[in-house]
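Survey of secondary and tertiary structure
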Amino acid sequence: MTLALHGGTPVRTAPWPSWPPPLDAAQRALVTEVLESGRWGAAQGGGVTGDLAAAFARRSAVPYGVTVGNATLGLFAALRGLGVGRGDEVIVPAYTFVASATAVLLAGAVPVIADVDPVHLHLSPDAVRAALTHRTAALMPVHLAGSPADMDPLTALAAEHGLAVVEDAAQAHGATYRDRPVGGLGDAGVYSFQSSKAMTAGEGGLIVCRDEAVYEAIWSACNVGRAVGGQWYGHPFVGWNLRLTDVQAALLLPWLDRLDDEIARRDAFCAAVGRELAHLPARDSGPPVTVVPPPPGTTRDSRHLLMLRVDASVERGFLLAAMAAEGVPLDAGYPPLGTMDALAGAGARAEPCPAAAEAARSVVWLRQPMLMDDPARAADIARAFAKVLAESAP
């Protein structure tokens with residue numbers, strides 16, 4: 001069978017679902033209400049942004065929430081609120097988006113890049129322990145691809161050494177770990193509403209936390225140094241304007257009512273992909289494509305991405321080009337943070353990260369819009385892999 005890359009007929013010509021999905025009636029009504037009110041900016045502790053912060057805090061099982069312009073600023077403000085700053089080190093995983101590290105730099109601290117677990121690709125407690133120094137002030141587990149990190153060993157390690165824990169939950173709206181929602185498992189958690197995320201207003205972020213003093217420090221950092229309940233032109237602290245707008249919050253608040261249904265839809269599609277891939281002919285080294293499993297303790301994977309591990313004998317550039325030609329585009333995923341010269345030049349320190357390096361060679365992603373399709377169409381993915389792999393037999 002001729003590959004589409006070489007002029008053959010593609011496995012799939014139908015488009016994948018678009019993202020974001022169309023506005024629903026509740027979003028249209030609330031956005032219109034905000035626009036017609038003329039109160040588009042974020043009110044100080046109120047308005048739709050306040051409602052959104054409170055709703056996310058409840059879902060995260062903590063009392064406090066603060067909206068921000070994006071999740072990078074959210075991570076920065078969370079670190080500031082927890083007292084992390086110049087001279088401190090923050091341990092981040094090697095297989096994550098660059099903003100996990102640049103937010104640490106923004107706070108004046110040093111990102112220390114530690115390896116991930118070789119199976120599920122989340123921050124490794126053993127790698128964290130090896131990276132600790134007397135300067136370590138915080139850990140930043142990332143709930144990668146919508147899966148919760150294995151938090152209990154990490155929080156235990158943090159408690160042992162007196163470290164803060166900031167959860168990067170940018171990709172994990174609605175995920176749970178041992179039946180507890182992410183975001184509320186550490187000292188602070190940060191969500192993203194960037195265009196690709198499970199809830200989006202184009203950009204945006206939100207911080208949740210359980211401690212009142214930490215909340216007030218985070219709130220002040222995001223509100224030009226004002227004090228909660230203080231004077232408008234009183235600025236007892238150093239802070240910035242990092243606020244979300246009520247227009248953006250109006251897109252997001254009603255989304256919470258349908259988030260669970262969308263997670264279930266993605267989960268059904270991912271399960272179907274796993275079943276279909278299991279039928280691919282094995283190679284000498286074993287199954288040619290497998291689903292990267294979630295970490296231990298996962299009770300709900302929010303399925304922002306589906307990460308797939310492909311037989312190392314398949315040439316990566318050919319795989320990506322051939323699958324895209326078949327109508328099944330794959331994402332190459334993250335390069336290890338420790339290989340980025342810009343981070344090293346800014347002072348980041350990288351520990352040995354062989355598991356992240358291997359993930360960069362063998363792991364590919366199916367992006368979120370594809371996961372919103374009918375599970376019956378998961379067969380397209382397996383058929384495209386079967387066709388491409390037949391042409392790349394070792």
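Residues numbered from 1 in each chain as written. Predicted model: local features only at pLDDT ≥ 70, side-chain atom pairs only at ≥ 80, totals over all residues. Heavy atoms only, no water.

Focus on the sheet that holds strand β8 (residues 188-192)
How we decide: DSSP calls a pair of strands paired once it identifies at least 2 bridges connecting them. Where helices and strands are cited, they refer to DSSP runs of H or I of at least four residues and of E of at least two residues respectively, numbered from the N terminus. Any two residues having at least one pair of non-hydrogen atoms within 4.5 Å are treated as being in contact. Lines fitted to C-alpha atoms define the axes here, with helix axes fitted over just the stretch in contact, and angles between the N-to-C directions of these axes take values from 0 to 180 degrees.
Read across the sheet, 8 strands follow the order β1-β9-β8-β5-β4-β2-β3-β13 without closing on themselves; strand pairing throughout is mixed. For this open sheet the edge positions go to β1 (64-68) and β13 (349-350), each flanked by a neighbour on one side alone. Bridging between strand β4 (residues 136-139) and strand β5 (residues 164-168) involves 2 bridges; their strand directions are parallel. Counted as the bridge partner of Ala-138 is Ala-164 from β5. Lying on the sheet, helix α2 (residues 47-59) is in contact with β1, β8 and β9 (205-209); it crosses β1 at an angle near 130°.

Points about the packing of helix α3 (residues 71-81) against helix α7 (residues 212-222)
The relative placement of two packed helices is expressed as an angle between their axes plus a distance between the axes. What counts is decided by this rule: Angular relationships are summarised with four words: roughly parallel below 35 degrees, roughly antiparallel beyond 145, roughly perpendicular across 65 to 115, and oblique for the angles in between. When the near helix sits turned anticlockwise from the far one by under a right angle, the crossing is termed left-handed; a clockwise turn instead gives a right-handed crossing. Charged means Asp, Glu, Lys or Arg here, nonpolar means Ala, Val, Leu, Ile, Met, Phe, Trp, Tyr, Cys or Pro, and polar covers whatever is left, Gly included.
Running from N to C, α3 and α7 cross one another at 130°; their axes reach a closest spacing of 8 Å. Taken as axis vectors, α3 and α7 run oblique relative to one another. When the axes of α3 and α7 are compared, the crossing they make is right-handed. For the pair formed by α3 and α7, the contact residues are Ala-77, Ala-78 and Gly-81 on the first element and Val-214, Ala-217, Ile-218, Ala-221 and Cys-222 on the second. Here the residues of the contact of α3 with α7 sort into 7 nonpolar, 1 polar and no charged.

Concerning the packing of aromatic side chains
As a reminder of what qualifies: Aromatic contacts are taken between Phe, Tyr and Trp rings whose centres are within 6.5 Å, Trp giving its six-membered ring; a plane angle under 30 degrees counts as stacked, one over 60 as edge-to-face, and the others as tilted. When a residue's accessible area, from a 1.4 Å probe over protein chains only, is under 20% of the maximum for its type it is buried; when over 50% it is exposed; and in between it is partly exposed.
Considering all chains together, one arrives at 8 aromatic pairs under this definition. With 5.9 Å between their ring centres and 45° between their planes, Trp-19 and Trp-255 make a pair best called tilted. In this pair, Trp-19 sits in the segment before α1 (25-37) while Trp-255 sits in the loop between α8 (246-252) and α9 (256-277), placing the two residues 236 residues apart along the sequence. Trp-255 carries the same exposure label as Trp-19, and that label is buried. Between Phe-56 and Phe-193, the aromatic rings sit 5.5 Å apart at their centres with planes inclined by 70°, giving edge-to-face as the arrangement. Taken as a pair, Phe-56 in helix α2 and Phe-193 in the loop between β8 and β9 lie far apart in primary sequence, 137 residues in all. Judged by its relative accessible area of 0%, Phe-193 is buried.

Geometric values such as these leave the question of function open.
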